[in-house]
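Coordinates in review
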Amino acid sequence: NMRHRPIALGVQGLADVFFKMKLPYTSLEAQKLNEDIFETIYHAAMVESIEMAKKDGHYESMLENGGAPISKGILQFDMWGKKPSSGRYDWDKVKADVKKYGVRNSLLVGPMPTASTSQIFANTESFEPLTENIYKRKTLSGEFTVINKYLITQLEALNLWNQEVLNHLIAHNGSILTCELIPQNVRDVYKTVWELKMKPQLDMAAARGAYICQSQSFNLHLTNPSMEILKDVLMYAHKIGLKTASYYLRTTAAADNQKVTISKDAIDKAKLAKTVQKVIMPEVAKSASATTEDDDCLVCGS
């Protein structure tokens, strides 16, 4: 598209960053870092696109039909009614430069699904939380066994990585939420997407959305969705300004896999609390998840 020259910069491994920093995914510190990361990406993209416009001119359609908002120095966060709070960047200079020189690209940031490439590079997908700490992933590109390397490393450092913990992981489909052998602060960091509240995930999507000039491939993960819950989630997403409310709506498997690699006694011992409490819009008790199987994106996947 040479007239508008849109591009879509994205990410993968946001959850890896939080694991490395030992931050629970929806903690206040992680929410702030999430926003700072996307402000940084948007700023870098804007500055570079302005530099390209100085050399090669702005994209062809920028001034057509009264001019795009960006031609008037109106940036994405302005249209969200938000002012960057990090203090890291001189946005006034960016706005002055963009009004003077324009930009080479009509759109810059658009986090996309990274299903296959994340498997290749051993990162978590896009900006998504981890689905499970141990699970088998099936896509059109193949079948992958995924293990949370950060959890294993931390448990080894605490001298807690043993057969009993492994049995718990297998019996609970990769969840450590109810494993009392592991300290609570560690369990909080490695909650799976099924054990996280949906509302703060949507809030994090809106926080980075102010720096995303296209849209983001945000997935809804609901273990037992109903029409009422889905309506509440989608209406809340609309209320906070998300351009798109969901890429995929994902649910847990209807049947659990048989755990043939561990004994029945070990499974019975590990299954102390199979049901976890999750909050979507009203609080609803839902069971933990099983194997994830989903369609790969043939356009953006590898």
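For the structure itself, consult the block above.
Residues numbered from 1 in each chain as written. Predicted model: local features only at pLDDT ≥ 70, side-chain atom pairs only at ≥ 80, totals over all residues. Heavy atoms only, no water.

**Considering the overall build of the protein chain**
When helices and strands are counted, the protein chain shows 11 helices and six strands. Taken across its 302 residues, the protein chain has 48% of its residues classed as buried. The long-range fraction of contacts in the protein chain, counting pairs at least 24 apart against all pairs at least 6 apart in sequence, stands at 75%. Of the roughly 14,900 Å² that the protein chain leaves accessible, carbon and sulfur atoms contribute 54%. (Helix = DSSP H or I, 4+ residues; strand = E, 2+ residues; numbered from the N terminus. Buried < 20%, exposed > 50% of the residue type's maximum accessible area, 1.4 Å probe, protein only. Contact = heavy atoms within 4.5 Å. Areas by Shrake-Rupley, 256 points an atom, 1.4 Å probe, with all protein chains shown as cover.)

**Side note on the side chain of Ser106**
Summarising the element assignment, Ser106 is placed in the loop between α4 (91–101) and α5 (115–121). Polar contacts involving the side chain of Ser106 include one to the main-chain carbonyl oxygen of His4, which spans 2.8 Å. Apart from residues lying up to four places away in sequence, Ser106 is in contact with His4, Arg5, Pro6 and Tyr59. (Polar contact = N/O pair within 3.5 Å; in protein donor to acceptor, adjacent residues only side chain to side chain.)

**Here we look at the pattern of salt bridges**
Tallying each qualifying case throughout the model produces nine salt bridges. Across the pair Lys82 and Glu35 runs a salt bridge whose closest N-O atoms are separated by 2.9 Å. Residue Lys82 is found in the loop between α3 (76–79) and α4, and its partner Glu35 is found in helix α2 (residues 28–56); the two are separated by 47 residues along the sequence. Of the charged contacts, one joins Arg88 and Asp36 as a salt bridge, the two residues approaching to 3.1 Å between their closest N and O atoms. With Arg88 in the loop between α3 and α4 and Asp36 in helix α2, the pair connects residues that are 52 residues apart, well separated along the chain. Beyond isolated ion pairs, a larger network of salt bridges with shared partners links Arg3, Glu60 and Glu64. (Salt bridge = Lys/Arg side-chain N within 4 Å of Asp/Glu carboxyl O.)

**Here's the deal with the nonpolar core**
Membership of the largest hydrophobic core comes to 58 residues, with the highest contact counts inside it found for Tyr42, Met46, Ile70, Leu75, Val103, Tyr190 and Leu202. Among the elements of the structure, α1 (14–20), α2, α4, α6 (149–157), α7 (163–171), α8 (184–189), α9 (198–209) and α10 (227–239) are those that each provide at least two residues to this core. Here Tyr190 is in contact with Phe19, Asn133, Asn148, Tyr150, Leu151, Gln154 and Ile176, once residues within four sequence places are set aside. (Core = buried A, V, L, I, M, F, W, Y, C linked by side-chain atoms within 4.5 Å.)

**What about α7?**
Residues that lie three or four places apart on an α-helix share one face, since the helix turns once every 3.6 residues. If you check which residues of α7 are buried, you get Val165, Asn167, His168, Leu169 and Ala171. Sitting at the head of α7, Asn162 places a side-chain oxygen 3.1 Å from the backbone nitrogen of Glu164. The first or second residue beyond α7 is Asn173, which carries a positive phi of 55 degrees.

**Points about the packing of aromatic side chains**
In the structure shown here, the tally under the stated rule is 10 aromatic pairs. Arranged with centres 6.4 Å apart and planes meeting at 90 degrees, the rings of Tyr42 and Phe77 form a pair that is edge-to-face. With Tyr42 in helix α2 and Phe77 in helix α3, this residue pair connects regions lying 35 residues apart in the sequence. With relative accessibility at 2%, the residue Tyr42 sits in the buried group. Residue class for Phe77 comes out buried when judged on its relative accessible area of 2%. Centroid distance Phe77 to Trp91: 4.9 Å. Interplanar angle 70 degrees. Geometry classified as edge-to-face. In this pair, Phe77 is assigned in helix α3 and Trp91 in helix α4, connecting sequence segments 14 residues apart. Judged by relative accessible area, which is 7%, Trp91 ranks as buried. (Phe/Tyr/Trp six-rings, centres within 6.5 Å; stacked < 30°, edge-to-face > 60°.)

**Quick word on the packing of α9 against α10**
For the pair α9 and α10, the least separation of the axes is 10 Å and the interaxial angle reads 25 degrees. On the basis of the axis angle, α9 is roughly parallel to α10. Regarding α9 and α10, the two cross each other, and that crossing is right-handed. On the side of α9, the interface is formed by Met198, Lys199, Leu202 and Asp203, while α10 contributes Val233, Tyr236 and Ala237. Of the residues in the contact of α9 with α10, the class split is five nonpolar, no polar and two charged. (Axes fitted to C-alpha atoms, helices over the stretch in contact; angles between N-to-C directions. Parallel < 35°, antiparallel > 145°, perpendicular 65-115°, else oblique. Left-handed = near helix turned anticlockwise from the far one by under 90°. Nonpolar A, V, L, I, M, F, W, Y, C, P; charged D, E, K, R; others polar.)

**Some points on empty space enclosed by the protein**
Regions of empty space are outlined by a rolling probe, equal in size to a water molecule, passed over the atoms. By the definition in use, this model includes four cavities of 30 Å³ or more. There is about 60 Å³ of room inside the second largest cavity. Together, Trp80, Gly209, Ile212, Gln214, Ser215, Gln216, Leu242, Lys243 and Thr244 line the second largest cavity. Looking at the lining of the second largest cavity residue by residue, the classes come out as three nonpolar, five polar and one charged. (1 Å grid on protein atoms, 1.4 Å probe; cavity = no way out; pocket = protein on both sides within 12 Å on 5 of 7 lines; lining within 4 Å. Points joined across faces, edges and corners; volume = space filled by probe spheres on them.)

**Here we look at α9**
Relative to the 16 Å expected for 12 residues at 1.5 Å per residue, α9 spans 16 Å between its end C-alpha atoms, a close match to the ideal helical length. Most of α9 sits out of view: 10 of its 12 residues are buried. Turning to α9, its buried residues are Met198, Pro200, Gln201, Leu202, Met204, Ala205, Ala206, Ala207, Arg208 and Gly209. (Expected span 1.5 Å × (residues − 1).)

Any link to function would need more than the numbers given here.
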